[in-house]
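The primary structure of each chain is shown beneath.
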Amino acid sequence: TIRFMDSYNVKIIGVLSLNSQLFHIVINRCNNVKIEDARIIAPGDSPNTDGIHIQKSTDIEVRNASIKTGDDCISIGPGTKNLMVDGITCGPGHGISIGSLAKGLEEDGVENVTVKKAVFVRTDNGLRIKSWPRFSKGFVERVRFLGALMVNVSNPILIDQNYCPGDSYCPTEGSGIKINDVIYSGIMGTSAKKVAIKMDCSEQFPCTQIRMQAINLTYHGGAATTACINVSGKQLGLVIPSGCIR
Ligand SMILES: *[C@@H]1O[C@H](CO)[C@@H](O)[C@H](O)[C@H]1NC(C)=O
Ligand SMILES: *[C@@H]1O[C@H](CO)[C@@H](O)[C@H](O)[C@H]1NC(C)=O
Ligand SMILES: *[C@@H]1O[C@H](CO)[C@@H](O)[C@H](O)[C@H]1NC(C)=O
Ligand SMILES: *[C@@H]1O[C@H](CO)[C@@H](O)[C@H](O)[C@H]1NC(C)=O
Ligand SMILES: *[C@@H]1O[C@H](CO)[C@@H](O)[C@H](O)[C@H]1NC(C)=O
């Protein structure tokens with residue numbers, strides 16, 4: 001619907017984007033952008049209708065957005081630095097995603113991203129980091145997921161370093177994206193699948209300094225589980241389901 005490239009000092013306030021053909025709002029190679037009170041609407045089965053896509057941009061704020069769409073509510077691409085996402089309601093949609101990354105060898109990193117007070121309603125994912133299983137110079141560093149409510153979300157917390165939708169022509173060398181220093185704090189609600197916390201990290205570049213605290217995710221009122229490989233870090237206090245980080 002609307003795309004900003006090579007722009008700086010931009011404010012986008014109170015925009016409604018309805019049934020975009022592809023991405024609704026794109027921020028590419030920009031600096032100092034504020035998006036407030038956006039409303040984004042497209043059917044849950046409309047392909048590639050990402051709500052807000054950001055890449056190669058610095059000092060970006062997205063506040064108080066309501067996003068119902070057929071792909072990621074917010075997708076955070078390579079070269080995103082100093083991003084604050086505060087007060088987002090997402091669903092239907094594929095959640096808030098960092099990635100997909102490792103599309104190529106030469107890639108900028110994603111650095112200093114905070115996602116605060118997000119609500120996910122029946123989305124495919126909640127808080128996701130995804131990279132293709134191929135070598136890349138990209139990285140993910142200093143991410144804060146602070147306060148999220150999950151309502152029957154299929155993958156509430158997900159790191160997928162073997163991302164390959166469609167499962168055809170998948171690269172197999174393993175992701176070169178190094179994911180370091182990610183905090184998950186105050187994540188509550190329900191998972192639509194038994195595995196509520198999944199981290200499938202790269203064997204060559206394991207996820208490090210992953211910290212979890214104040215997490216309580218249940219599965220239809222019962223116990224949820226974790227499925228994590230090549231992850232290290234620590235958990236503090238209440239973390240349900242437990243066991244992702246040993
Ligand atoms: C949040 O955005 C909605 C529009 O989507 C607006 O009606 C509401 O006033 C905004 N709330 C705040 C606290 O800014
Ligand atoms: C990190 O990003 C936040 C905005 O979310 C910004 O206020 C802060 O200054 C950034 N930190 C650094 C070290 O650039
Ligand atoms: C949760 O979502 C799944 C589909 O993802 C659906 O089959 C199930 O009925 C939903 N459960 C609740 C309690 O809403
Ligand atoms: C976790 O959440 C469930 C469902 O909301 C609740 O019944 C349970 O008491 C919570 N557990 C803790 C330790 O807070
Ligand atoms: C990664 O996980 C695999 C499967 O659990 C394990 O065999 C391997 O030793 C791990 N690699 C590292 C570097 O921790």
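Everything numeric here is computed off the predicted structure, so don't read it as measured data. (Residues numbered from 1 in each chain as written. Chains lettered and ligands numbered in written order. Predicted model: local features only at pLDDT ≥ 70, side-chain atom pairs only at ≥ 80, totals over all residues. Heavy atoms only, no water.)

### Re the overall build of the protein chain
- Of regular secondary structure, the protein chain possesses zero helices and 21 strands.
- The globule rule puts the C-alpha radius of gyration for 246 residues at 18 Å, and the 17 Å found for the protein chain is close to it.
- Evaluated residue by residue, the protein chain yields a buried proportion of 51% over its 246 residues.
- Pairs at least 24 apart in sequence give 72% of the contacts found in the protein chain among residues at least 6 apart.
- On the protein chain, roughly 10500 Å² of surface is accessible, and the fraction owed to carbon and sulfur atoms is 51%.
- For the protein chain, the distance from the average site of its 26 positive side-chain charges to the average site of its 22 negative ones is 5 Å. (Helix = DSSP H or I, 4+ residues; strand = E, 2+ residues; numbered from the N terminus. Rg over C-alpha atoms; globule rule 2.2 N^0.38 Å. Buried < 20%, exposed > 50% of the residue type's maximum accessible area, 1.4 Å probe, protein only. Contact = heavy atoms within 4.5 Å. Areas by Shrake-Rupley, 256 points an atom, 1.4 Å probe, with all protein chains shown as cover. Lys, Arg positive; Asp, Glu negative; His and termini not counted. Charge placed at Lys NZ, Arg CZ, Asp CG, Glu CD.)

### With respect to the packing of aromatic side chains
- Taken as a whole and judged by the stated rule, the model has three aromatic pairs.
- Ring centres of Phe135 and Phe205 lie 5.8 Å apart, and the angle between their planes is 50°; on these two criteria the pair is classed as tilted. With a gap of 70 residues between them, Phe135 in the loop between strand 13 (125-131) and strand 14 (139-153) and Phe205 in the loop between strand 17 (195-200) and strand 18 (207-219) connect regions that are remote in the sequence.
- Assessed through its relative accessible area of 29%, Phe205 is described here as partly exposed. (Phe/Tyr/Trp six-rings, centres within 6.5 Å; stacked < 30°, edge-to-face > 60°.)

### Description of the pattern of salt bridges
- According to the stated counting rule, one finds ten salt bridges in the structure shown.
- The closest approach of N and O atoms between Glu61 and Arg63, which form a salt bridge, is 3.0 Å.
- By relative accessible area, Glu61 is classed as partly exposed at 22%.
- Residue class for Arg63 comes out partly exposed when judged on its relative accessible area of 28%.
- The shortest N-O distance in the salt bridge between Arg128 and Asp72 comes to 2.9 Å. Taken together, the residues span a long stretch of sequence, with Arg128 in strand 13 and Asp72 in the loop between strand 8 (58-68) and strand 9 (74-76) at a distance of 56 residues. With respect to class, Arg128 is no different from Asp72; both count as buried.
- In this structure, a network of salt bridges that share partners links the residues Lys34, Glu61, Arg63, Asp86 and Lys117. (Salt bridge = Lys/Arg side-chain N within 4 Å of Asp/Glu carboxyl O.)

### Remarks on the site of ligand 4
- Around ligand 4 sit Asn216, Thr218, Leu238 and Ile240, and that is every residue in its neighbourhood.
- In the model, an oxygen atom of ligand 4 is placed 2.3 Å from a nitrogen or oxygen of the Asn216 side chain.
- Relative to its unbound accessible surface of 360 Å², ligand 4 loses 31% to contact with the protein.
- Classifying every residue of the shell around ligand 4 gives two nonpolar, two polar and no charged. (Near = heavy atom within 4 Å. Polar contact = N/O pair within 3.5 Å; in protein donor to acceptor, adjacent residues only side chain to side chain. Nonpolar A, V, L, I, M, F, W, Y, C, P; charged D, E, K, R; others polar.)

### Concerning the UniProt feature "active site" (unreviewed entry) in the protein chain
- Here the UniProt feature "active site" (unreviewed entry) sits at His94.
- You can call His94 partly exposed: its relative accessible area is 21%.
- Dropping the residues within four chain positions of it, His94 is found in contact with Gly70, Asp71, Asp72, Cys73, Asp124, Asn125 and Arg128. (UniProt positions renumbered as here; feature names shortened; annotations may be inferred.)

### What to know about the environment of Glu106
- Turning to its location among the elements, Glu106 is positioned in the loop between strand 11 (96-101) and strand 12 (110-121).
- Glu106 sits in the exposed class, given a relative accessible area of 59%.
- When the C-alpha atoms of Glu106 and Gly138 are compared, they prove to be 7.1 Å apart, with 32 residues separating the residues in sequence.
- There is a polar contact of 2.8 Å between the side chain of Glu106 and the side chain of Lys137.

### Observations concerning the sheet that holds strand 9
- Spatially, 1-4-7-9-11-13-15-17-20 is the arrangement adopted by the nine strands of the open sheet, whose pairing is parallel. In this open sheet, the two strands that pair with only one neighbour each are strand 1 (2-5) and strand 20 (225-229). In this sheet, neighbouring strand axes are inclined to one another by 10° on average, regardless of whether the strands run parallel or antiparallel.
- Bridge count between strand 4 (residues 25-28) and strand 7 (residues 52-55): four bridges; the pairing is parallel. In the sheet register, Ile25 faces strand 7, and the bridge partner there is Ile52. (Pairing = 2+ DSSP bridges. Axes fitted to C-alpha atoms, helices over the stretch in contact; angles between N-to-C directions.)

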